[in-house]
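# Observations on chain architecture
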Amino acid sequence: GETTTTLLVCPYVEEWKAFGPFRDFYEEDLEGGSTFLEDFDMKIVAFHPEYLKYGFSVAAGDRIAVANFDGTSSSATVLDEEGGVHPED
């Protein structure tokens, strides 16, 4: 089948106004977005307006997950936080 994207906005859920409770709901109740993956072949991708406040930075030694093209993920350890950074970009 074709990939379809649907945007669902929930601005009136009081508990989700702060990023922490929203993140907890996503990670625990929605199983990091995978709760409907097996039954419905549907992955949930989270977005929160305060997400960028927490940044995208990594440090040497951090464990990260990298999404693979087949829908699986691979874990890795950051060896150099400057690795892959191109100042001219």
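## Regarding the packing of aromatic side chains
A full pass over the atoms with the stated rule returns 3 aromatic pairs. Ring plane angle 80° and centroid distance 5.8 Å describe the contact between Trp16 and Phe22, whose orientation is recorded as edge-to-face. For Phe22, a relative accessible area of 13% gives the class buried. With centroids separated by 4.7 Å and ring planes inclined at 40°, the aromatic side chains of Trp16 and Phe25 adopt a geometry described as tilted. An aromatic cluster of three or more residues is present, and its members are Trp16, Phe22 and Phe25.

## Let's talk about helix α1 (residues 19–29)
Listed in full, the buried residues belonging to α1 are Phe19, Phe22 and Tyr26. Looking straight down α1, one finds its buried side chains confined to an arc of 70°; they lie on one side. Just beyond α1, the residue with positive phi is Glu31, at close to 50°.

## Considering the layout of surface pockets
By volume, the largest pocket amounts to about 1,300 Å³. Lining the largest pocket are 36 residues; nearest its centre among them are Leu8, Ile44, Val45, Ala46 and Phe47. Sorting the residues of the lining of the largest pocket by element identifies α1, α2 (37–40) and β1 (63–67) as the ones contributing at least two each. Here the residues of the lining of the largest pocket sort into 22 nonpolar, 10 polar and 4 charged.

## Considering the pattern of salt bridges
Inspection of every chain in the model, using the stated rule, returns 2 salt bridges. With its nearest N and O atoms 3.2 Å apart, the salt bridge here joins Lys17 to Glu14. Here Asp24 makes a salt bridge to Arg23, at a shortest N to O gap of 3.5 Å. With a relative accessible area of 37%, Arg23 lands in the partly exposed category.

## Re the confidence of the model for the protein
Per-chain confidence: the protein averages 78 in pLDDT, with 79% of residues scoring 70 or above. Ranking the elements of the protein by mean pLDDT puts β1 last with 74 and α1 first with 89.

So, how was this worked out
Residues numbered from 1 in each chain as written. Predicted model: local features only at pLDDT ≥ 70, side-chain atom pairs only at ≥ 80, totals over all residues. Heavy atoms only, no water. Phe/Tyr/Trp six-rings, centres within 6.5 Å; stacked < 30°, edge-to-face > 60°. Buried < 20%, exposed > 50% of the residue type's maximum accessible area, 1.4 Å probe, protein only. Helix = DSSP H or I, 4+ residues; strand = E, 2+ residues; numbered from the N terminus. Arc of directions from axis to C-beta. 1 Å grid on protein atoms, 1.4 Å probe; cavity = no way out; pocket = protein on both sides within 12 Å on 5 of 7 lines; lining within 4 Å. Points joined across faces, edges and corners; volume = space filled by probe spheres on them. Nonpolar A, V, L, I, M, F, W, Y, C, P; charged D, E, K, R; others polar. Salt bridge = Lys/Arg side-chain N within 4 Å of Asp/Glu carboxyl O. pLDDT = per-residue confidence, 0-100.

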